[in-house]
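Each chain, letter by letter, is given below.
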Amino acid sequence: MKTLNQEQAKKITDRVLSLSKADECTVQIEGSRVGNVRFARNSVSTAGLTEDMQLVVRVAFGKRSGTAMVNEFDDKSLEKAVRRAEELARLAPENPEFMPAIAKQEYRATKTFVPATASIDPDFRAQVAATSIELARKNKLVTAGYFVDSTRFSTIANSNGVFGHQDFTDLSFTLTARTEDGRGSGWVTRSAVDAARFDAREASEVAIEKALRSVEARALEPGRYTVILEPAATSEILGNMFSSFDARSADEGRSFLSKAGGKNRLGDKLFDSQVNIWADPWDKDVPVAPWDNESLLARERTQLVKDGRIASLDYSRYWAQKTGKQATAGHGNMIMAGGTKSLEELIAGTKKGIVVTRTWYIRMVDPQSLLLTGLTRDGTFYVENGKIKYPLKNFRFNESPVTILNNIDELGKPQIIGGDEVPFQMVLPPMKVRDFNFTSLSDAV
Amino acid sequence: MERRKFLQIGAGTAGAMLIPVFGNAIAAEDLLKPMAASAKKVLADTAMGAATQAGASYCDVRIGRYLNQFIITRDLNVESINNTESSGVGIRVIADGAYGFASTNSMTPDGIAQAARQAVAIAKANAKLQTEPVRLAPVKGVGEVAWATPIVKDWRTLPVKEKADMLIAANKAGLDAGANFMTASLFQINQQKYFASTDGSYIDQDIHRLWAPINATAVDQKTGKFRSRGGLGAPASMGYEYFDAKAADKVRAAGGVTTLYTRSYDIVEDARLAGKQAREKLTAKSVEPGKYDLVLSPEHLFLTIHENVGHPTELDRVLGYEANYAGTSFAGLDKWQTKKFKYGAERVNFVADRTTPGSLGLIGYDDEGVPAKKWDIIRDGILVNYQATRDQAHIIGEKESHGCSYADSWSTVQFQRMPNVSLEPGKARLTPDEMVQDVKKGIYILGRGSYSIDQQRYNFQFGGTLYYEIKNGKITGPLEDVAYQANTQEFWNACSAICDERDWRMGGSFFDGKGQPSQVSAVSHGSSTTRFNGINVINTARKIG
């Protein structure tokens, strides 16, 4: 792999900073090795390995800035990148909202690298695919799945003395198992920093069981139901809301956190008292870099929702300066408190309800209320007197995460969950929620 | 599927340092100097030689150089200007009946040969889990050829300031007309793609695309309400001349409610109208839910076509290759085999076409070296064909590929992607104004909005940008909080009228996502204004807290 240790990376960032003639200079180096295997119809369809390393240089003359990126690291290329960024900065119009490079920061390292994950090789990946395919064949199912692992590093520096270097590993696995006649479908997702926390067989069995249980699905009239939402079913829905805590949008009147009259909802109780949500770069399950790549500010543990109240808003450096607040680093993870019960225990305590495995194609319908639409997929079941009675046809829903978090009956034990279209690593509990709004039926399996 | 994350790249680059999807910075001095085709041929021959020697029965090589420039503005400020470049080689082989793929940015003969051998090794490893060997439809080698998007003005040669000034002028027009906030962005893409294969093709292509999305937001501080109106211009595969707006390319919407655009785009005018209409939306009547006849403008209908017809007729979905991610399709092989599956009303005809001028899917050859072509997908309402690549053609009894193979980078493997899929215009003369005259209770919808459809492309809910109530043949005023829900097959069978070719124009999806790892492609969908009778409309207004 094309990788640099801290010393090697610092030599390059020092060299780049020394080459710059601009008022300020910021440097970033990122390198990665990403391996994957993709399979469908019980056969591997593609497999690949991508290695890359990039140098990013951003400079500014006054309020004019320019950014250049190269993936060559000889002296000539380093100089070319600096000159290119400087040329762009001279061409760029002044940005009245430009913020100068940040002062030196203290970055407390997070545990984002595990050697076991970094040592994943093509045989490991092939074995993941083989495990899923063999288990599916035994059950007369057809699988489609994807396993991807990455080993990365990131280095940042600027002309004010900022420097940070960090290594990362992660893996992600998704599997869909379908019956041969297409009448049943089950799905599972797993993600981890540490390969030791991933078990392809355990994960595959979840998707297989759901597929086998989901045939002969019955139609239930759309309407408001008590639902038991697995973490994968809420990750994209809540992720939409987590991305909407921007103070500027709230202050400017174009956010669900805006109030009539030009104020925001900081401190308001918008959710059930059980709701507590925070970001923490040092979380043991979803550690992330101790800085964010946009501002280079050091991340801190930040409470977003405390006992159902909006506890903080996100301030960009510009908006913080304008409003006299503290700027916040962009968050890399989101953690929501839960209870101690497993999903099965939540089901066991439910008189009538619907279990949702996964939600799909979630889109904003009304940003004013954060109303989202989407569908259930790959395992929707009816629960009666604490037991799954039968599979259900899929539903479309129109619902706001604000309403969902207001209607919580019970929270289960939180789990690690990656978001497909959400820029956060997450830990979310399964939730039992009343009056969830299903608006129509889908014939899709 | 429209992938939100790729749009966020555009919206979120202000101050952001890395743009991982789009690669490295353009060195201006090298911008207009592509590598000579003869040099690329030498590299391609090296790769094919190494692959063949290692045991490949087939090899194709894609040498790519991707140049992009993105300009992001907000109100009267330029937030960021990013120039990116990415170059490298992707090598796909078949060995022991299985695919293997490897890519490298090392453009040396040694680096390329090593990647070719790695691709063969991966293919051989995959062969152990392969249920049946890959079977490629024949493609006749075309020798050494070149193809380029027809452009008049090359964005790479124009001053950044000129382009930024255009976006700022648009924002100013929107603010002056009533918006409280404006954004305007400009995405410019140049793909220099060289394809070579052991079939005997050496194809050099130079592809250009651009898109300038805008958004106006109006806020009523008193009530706390806010509403937005996006742009009505389409992305296009053209040069920068697209922004030299011509009066002849402007279209009056039904009832004169707004101005629409065809072969060129007046971004400043559209932004002005966006500002005005965003403010009007604050006081528009909230829709009464119920059944309506919908009159859908092409600027709206393109995305409905994309989701309802483009995606379900992708053969890889039909076969299950996207089952874990983008989904499968209700339009299964069994339905196609009957030759009677009534996808839509008899007047509904869909054509796949990679040759339409100005369309985002316009190319000379696909990423398997197959020449661009045009074919029927739905004829007289019946499903007659799919979109296929070389390894899929035999499954649907075709002797050659449809040319639907695409990879979004030299570093990603090519797979089946959508061509332009368009609705043919109606055969009888009909204008949008005449269409509205026949509607008793209806809604006229323009522009893209919230789009969601299930994984088999059946149940959908779509919204738009602008909605106008139609009562007894007349447009009576703006509506808000509108979304329509239906099932794809029922919806297209409810198609009651299509305006003629005078009204035909394209919309486009610039960042359409699919595959694992996810790749983006760009595609256009043309139509005339079209009416659908008796569609279920819901009211989307909600209150929280």
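In case you missed it, the structure is sitting above this.
Residues numbered from 1 in each chain as written. Chains lettered and ligands numbered in written order. Predicted model: local features only at pLDDT ≥ 70, side-chain atom pairs only at ≥ 80, totals over all residues. Heavy atoms only, no water.

A. Representation of the packing of aromatic side chains within the structure. All chains considered together, the criterion is met by 40 aromatic pairs over all chains. An angle of 15° between the planes, with centres 5.8 Å apart, marks the rings of Tyr484(B) and Phe491(B) as stacked. Both residues of the pair, Tyr484(B) and Phe491(B), count as buried. Directly above the aromatic system of Trp282(A) lies the positively charged group of Arg108(A), at a separation of 4.0 Å from the ring centroid. Over the aromatic face of Phe181(B) sits the side chain of Arg254(A), whose NZ or CZ is 4.5 Å from the ring centroid. (Phe/Tyr/Trp six-rings, centres within 6.5 Å; stacked < 30°, edge-to-face > 60°. Buried < 20%, exposed > 50% of the residue type's maximum accessible area, 1.4 Å probe, protein only. Lys NZ or Arg CZ within 6 Å of the ring centre and 35° of its normal.)

B. Unusual backbone geometry, seen in detail. Here the bond from Gln516(B) into Pro517(B) is cis, since omega is -5°, no more than 30 degrees from zero. Despite not being glycine, Lys140(A) has its phi angle at roughly 55°, a positive value. You can see Lys140(A) is positioned in the loop between helix H4 (122-138) and strand E4 (141-158). On the basis of relative accessibility, which here comes to 60%, the residue Lys140(A) falls in the exposed class. (Helix = DSSP H or I, 4+ residues; strand = E, 2+ residues; numbered from the N terminus.)

C. Representation of the interface of chain A and chain B. If you look at the interface, chain A gives 96 residues, while chain B gives 82 residues. Where chain A packs against chain B, one counts three salt bridges. Linking Arg38(A) and Glu322(B) is a salt bridge whose minimum nitrogen-to-oxygen distance equals 3.0 Å. Counting the contacts that link chain A with chain B gives 30 residue pairs in polar contact (both at pLDDT 80 or more). Per-element tally for the side of chain A that touches chain B: the top contributor is strand E2 (residues 43-61) of chain A, with 12 residues. Here the residues of the side of chain A that touches chain B are counted per class, giving 35 nonpolar, 34 polar and 27 charged. (Contact = heavy atoms within 4.5 Å. Salt bridge = Lys/Arg side-chain N within 4 Å of Asp/Glu carboxyl O. Polar contact = N/O pair within 3.5 Å; in protein donor to acceptor, adjacent residues only side chain to side chain. Nonpolar A, V, L, I, M, F, W, Y, C, P; charged D, E, K, R; others polar.)

D. Up close: the pairing of strand E6 (residues 185-192) of chain A. Residue and element names in this part refer to chain A. Counting buried positions along E6 gives seven out of eight residues, so the element sits mostly inside the fold. Relative to E6, strand E5 (residues 163-179) is paired through eight bridges, and the arrangement is antiparallel. Looking at the pairing, Ser 172 lines up with Ser 191 of E6. Here E5 folds back onto E6 in antiparallel fashion, the turn holding five residues, of which Gly 182 has a positive phi close to 75°. (Pairing = 2+ DSSP bridges.)

Remember that the coordinates give geometry; whether it matters functionally is a separate question.
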